[in-house]
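Spelled out from the first residue to the last, the chains are:
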Amino acid sequence: MSVPARGVTALFGPSGCGKTTLLRAIAGLERYRGGFLKVGDMNWQEGDCFVPPHRRPLGYVFQEASLFEHLSVRRNLEYGIKRLPRAGRKVSLQQAIELLGIEHLLERKPAHLSGGERQRVAIARALAVSPRLLLMDEPLAALDLNRKQEILPYIESLHKDLDIPVIYVSHSPDEVAHLADHLVLLEAGRVRASGAISNMLTRLDLPLAHGSDAEALVEATVAGHDEAYHLTYLDSAGGRFTVMRKALPVGSAVRLRVAARDVSLTLEPQSGTSILNIFPATIDELIPEGEAQVTVRLMVGGMPMLARVTRKSASLLDLKAGKPVYAQAKSVALLS
Amino acid sequence: MLSGSDLTALAVTLKLALLSTLILLLLGTPLAWWMARTRWRFKFLLEAVIALPLVLPPTVLGFYLLVALGPHGPVGGLMEWLGARSLAFTFTGLVIGSVFYSMPFVVQPLQDAFSAVGRRPLEVAATLRASPLDRFFTVAIPLARPGFFTAAVLGFAHTVGEFGVVLMIGGNIPGETQVLSIAIYDHVEGLEYVQAHWLSGGLLLMSFLMLIAVYALNRRFSVVRP
């Protein structure tokens with residue numbers, strides 16, 4: 001397996017597929033004979049050479065916050081920093097504290113924090129050692145929905161504010177859609193496939209494109225707002241999307257999700273429809289989905305999207321690879 | 001009240017208990033740490049050996065120690081060969097006996113405490129650049145602190161209370177091996193009940209206070225969340 005040393009790489013797969021084990025091996029918490037691991041220009045494991053975890057410049061966020069219960073929040077944060085050579089301190093303690101919004105918790109003991117607060121401290125603690133690689137093992141899994149919503153924006157901002165590559169273990173498609181740039185799909189201890197997230201989600205040979213909630217991700221930038229109709233325009237490689245107004249500055253990058261079941265296909269550009277998001281597309285590939293449906297992979301200006309239509313429609317419209325069509329997206333969700 | 005010889009016995013007892021507890025903490029900490037973390041298949045054998053003094057009559061332990069430490073035993077013989085005197089009926093022999101006798105009272109609480117700490121905090125410390133020794137001193141020991149307190153108090157109290165082992169390998173030499181429990185026995189033999197009452201009551205009160213401290217503190221520490 002080889003992943004880019006930038007952005008967020010998600011290790012994704014069902015429970016027990018080896019995601020956590022792989023992450024622990026990257027950290028050096030597990031040792032497998034004959035393994036090979038290289039991060040950037042650093043060899044962490046090769047043959048008899050094995051760099052122990054405390055000599056690897058990484059940060060690790062465990063599923064449970066695992067704060068040191070005998071130390072205050074501040075001393076938890078300082079634990080790793082104290083052990084760094086001065087030259088290695090690129091992320092300042094203050095920066096980590098501000099990024100995770102934990103200023104007001106510093107003098108408390110971990111026992112007096114909520115689950116969400118504990119996990120935020122754990123993330124700040126991992127960042128404060130200025131890691132060259134940040135490993136996160138389902139940091140949201142132990143939290144309820146509200147706490148997840150509380151932390152997700154912080155994790156998203158890490159990625160934008162600090163240029164640290166992240167490997168993120170998850171079995172939640174929703175988290176992956178929010179965070180990942182790159183996806184590694186694991187199955188029964190093996191890497192099934194890996195690649196850019198937008199490509200992986202729409203590959204018809206992988207299970208991701210076949211669930212009832214299969215979707216495509218679209219990277220876009222805010223192009224402008226329509227104050228009269230209270231709409232926001234977003235430009236992507238495939239064309240301009242129109243969504244309900246969001247208070248975002250023009251030029252900011254956003255991610256959209258377009259569910260396969262919300263996309264319908266027509267042969268002619270439709271007039272007299274209430275749907276605003278209509279794009280010319282080419283059918284790339286299609287595959288039957290059960291008895292009654294077909295999943296269609298479309299290329300919209302070089303950008304992959306999915307449509308779920310009935311087998312009858314596919315036959316009536318004579319859908320086949322290479323055929324130009326129009327994709328109409330009934331609804332589009334803004335992720336960030 | 002207390003006679004001069006009683007005070008001497010008290011001093012010997014306290015010195016013995018303090019020294020034994022100190023040695024037990026120094027030896028027991030690495031042993032308990034290893035036992036809490038090893039996946040060695042035959043660990044249960046070692047655990048059974050350490051727990052023996054809990055069920056063995058102290059006289060049996062004392063007898064074997066006497067044989068080993070005496071001039072004809074392996075340890076005592078070696079000492080005589082080296083030009084020292086054998087360890088039977090000496091304060092040093094008493095300390096060795098106490099260390100064996102009170103071992104489970106120190107090792108078991110420490111082992112439980114280290115087990116309760118678990119691997120996770122140490123793994124976290126490893127990812128925060130702490131070396132194995134650093135992790136042991138800055139994470140494992142502080143988190144196992146209630147276990148250290150329990151181990152120290154139980155080890156101390158149990159050593160103060162020993163009788164059979166002392167009698168077998170220490171004898172009854174005032175100022176060297178005569179401890180309180182034996183002094184009490186002597187008083188009773190000599191029908192000096194007032195003296196026996198003073199010493200017995202004192203020991204009872206001290207033991208009770210130490211146990212109260214252990215249980216009260218453990219209650220407070222048990223609320224620590226994972």
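From a predicted model like this one, the values you see are computed outputs, not experimental measurements. (Residues numbered from 1 in each chain as written. Chains lettered and ligands numbered in written order. Predicted model: local features only at pLDDT ≥ 70, side-chain atom pairs only at ≥ 80, totals over all residues.)

A word on the overall build of chain A
Part 1 of the argument: The helix and strand inventory of chain A stands at eight helices and 19 strands.
Part 2 of the argument: For a compact globule of 336 residues, the expected C-alpha radius of gyration is about 20 Å, and chain A comes in at 22 Å, within 12% of that figure.
Part 3 of the argument: Once the C-alpha set of chain A is aligned to its principal axes, its extents read approximately 65 × 55 × 35 Å.
Part 4 of the argument: Across the 336 residues in chain A, those meeting the buried criterion constitute 38%.
Part 5 of the argument: The long-range fraction of contacts in chain A, counting pairs at least 24 apart against all pairs at least 6 apart in sequence, stands at 66%. (Helix = DSSP H or I, 4+ residues; strand = E, 2+ residues; numbered from the N terminus. Rg over C-alpha atoms; globule rule 2.2 N^0.38 Å. Buried ≥ 20, exposed ≤ 12 C-beta atoms within 10 Å, placed from the backbone. Contact = placed C-beta atoms within 7 Å.)

Brief notes about the overall build of chain B
Part 1 of the argument: Along its length, chain B carries eleven helices and zero strands.
Part 2 of the argument: For chain B, the spread of C-alpha atoms along the three principal axes comes to 65 × 45 × 25 Å.
Part 3 of the argument: Expressed as a percentage of its 226 residues, the buried residues of chain B come to 39%.
Part 4 of the argument: The long-range fraction of contacts in chain B, counting pairs at least 24 apart against all pairs at least 6 apart in sequence, stands at 73%.

Focus: the interface of chain B and chain A
Part 1 of the argument: Facing 15 residues of chain B, the contacting portion of chain A comprises 18 residues.
Part 2 of the argument: Only α6 (120-127) and α7 (132-143) of chain B provide two or more residues apiece to the side of chain B that touches chain A.
Part 3 of the argument: Sorting elements by how many residues they give to the side of chain B that touches chain A places α6 of chain B first, with six residues.
Part 4 of the argument: Counted by class, the side of chain B that touches chain A contains nine nonpolar, two polar and four charged residues. (Nonpolar A, V, L, I, M, F, W, Y, C, P; charged D, E, K, R; others polar.)

With respect to the domain arrangement of chain A
Residues and elements named next belong to chain A.
Part 1 of the argument: Partitioning chain A into structural domains gives domain 1 (8-201) and domain 2 (215-334).
Part 2 of the argument: A separation of 34 Å is found between the C-alpha centroids of domain 1 and domain 2.
Part 3 of the argument: Listed per partner, the contact involves five residues of domain 1 and six residues of domain 2.
Part 4 of the argument: With four residues, helix α7 (residues 197-201) is the single largest residue contributor to the side of domain 1 that touches domain 2.
Part 5 of the argument: Looking at the side of domain 1 that touches domain 2 residue by residue, the classes come out as three nonpolar, two polar and no charged. (Domains from an automatic or database assignment.)

Side note on the pairing of strand β9 (residues 190-196) of chain A
All names here are of chain A.
Part 1 of the argument: Pairing of strand β8 (residues 182-187) with β9 involves six bridges; the strand directions are antiparallel. Bridging across to β9, H182 finds its partner in A196.
Part 2 of the argument: Hairpin geometry of β8 and β9 is characterised by an intervening segment of two residues between the two adjacent antiparallel strands and by a positive phi of about 45° at A188. (Pairing = 2+ DSSP bridges.)

Some details on helix α5 (residues 91-117) of chain B
All names here are of chain B.
Part 1 of the argument: With 27 residues, α5 should reach 39 Å at 1.5 Å per residue; the first-to-last C-alpha distance of 37 Å fits that figure.
Part 2 of the argument: Summarising burial for α5: 19 of the 27 residues are buried, a large majority.
Part 3 of the argument: In the segment just after α5, G118 is the residue with positive phi, at about 75°. (Expected span 1.5 Å × (residues − 1).)

Focus: the sheet that holds strand β18 (residues 324-329) of chain A
Strand pairing in a sheet takes place through backbone hydrogen bonds and is either antiparallel or parallel in direction.
Residue and element names in this part refer to chain A.
Part 1 of the argument: Read across the open sheet, the five strands follow the order β14-β18-β15-β16-β17; overall the sheet is antiparallel. At either margin of the open sheet sits one strand with a lone partner, and together these are β14 (263-266) and β17 (303-310). Here the strands of the sheet are splayed against their neighbours by 45° on average, with no regard to which way each runs. (Axes fitted to C-alpha atoms, helices over the stretch in contact; angles between N-to-C directions.)

Notes on the sheet that holds β9 of chain A
Residues and elements named next belong to chain A.
Part 1 of the argument: Spatial ordering of the open sheet is given by β5-β6-β7-β1-β8-β9, a layout of six strands whose pairing is mixed. Where the open sheet ends on each side, the last strands, each with one partner, are β5 (58-61) and β9. The mean inter-strand angle of the sheet, taken between neighbouring strand axes irrespective of direction, is 15°.
Part 2 of the argument: Judged from the four bridges that link them, strand β6 (residues 133-137) and strand β7 (residues 166-170) form a sheet pairing that is parallel.

Some remarks on the nonpolar core
Part 1 of the argument: Ranked by internal contacts, the top residues of the largest apolar core, which has 138 residues, are A10, A124, L135, M305, A307 and A327 of chain A.
Part 2 of the argument: When residues in this core are grouped by element, the largest group, eleven residues, is from α5 of chain B.
Part 3 of the argument: Of the residues that make up this core, three or more belong to each of domain 1 (8-201) and domain 2 (215-334) of chain A.
Part 4 of the argument: Contact partners of A124 of chain A, with chain neighbours within four places excluded, come to L77, A96, I97, L99, L100 and I102 of chain A. (Core = buried A, V, L, I, M, F, W, Y, C linked by C-beta atoms within 7 Å.)

Structural notes on the confidence of the model for chain B
All names here are of chain B.
Part 1 of the argument: Considering every residue of chain B, the mean pLDDT works out to 88; 96% of them sit at 70 or more.
Part 2 of the argument: Per-element confidence in chain B is highest for α6, whose mean pLDDT is 95, and lowest for helix α4 (residues 74-81), whose mean pLDDT is 80.
Part 3 of the argument: Segment residues 221-226: pLDDT under 50, and five contacts once partners within four positions in sequence are set aside and those in other chains are kept.
Part 4 of the argument: As scored by the predictor, the complex reaches a pTM of 0.82 and an ipTM of 0.83. (pLDDT = per-residue confidence, 0-100.)

Regarding the environment of V222 of chain A
Residue and element names in this part refer to chain A.
Part 1 of the argument: Positionally, V222 belongs in strand β10 (residues 215-226).
Part 2 of the argument: Residue classification places V222 among the partly exposed positions, given that 19 C-beta atoms sit within 10 Å.
Part 3 of the argument: Separated by 129 residues in the primary sequence, V222 and L93 have C-alpha atoms spaced 33 Å apart.
Part 4 of the argument: Excluding residues that lie within four positions of it along the chain, V222 makes contacts with T232, L234, L248, P249, V250, G251, S252 and V254.

Some points on the pairing of strand β11 (residues 231-236) of chain A
Residue and element names in this part refer to chain A.
Part 1 of the argument: One ladder, built from six bridges, connects β10 with β11; its direction is antiparallel. Bridge assignment links H225 to a residue of β11, and that residue is T232.
Part 2 of the argument: The hairpin formed by β10 and β11 contains four residues between the paired strands, and H230 there has a positive phi angle of roughly 60°.
Part 3 of the argument: Of the strand pairs in this sheet, β11 and strand β12 (residues 239-244) are connected by six bridges, and their pairing is antiparallel. Paired with S236 across the strands is G239, a residue of β12.
Part 4 of the argument: Where β11 folds back on β12, the antiparallel hairpin that results is connected by two residues.

Considerations on unusual backbone geometry
Residue and element names in this part refer to chain A.
Part 1 of the argument: Positive phi values are uncommon outside glycine, yet A188 reaches one of about 45°.
Part 2 of the argument: For A188, the location among the structural elements is in the loop between β8 and β9.
Part 3 of the argument: C-beta crowding within 10 Å serves as the criterion here: with 10 such atoms nearby, A188 is assigned to the exposed category.

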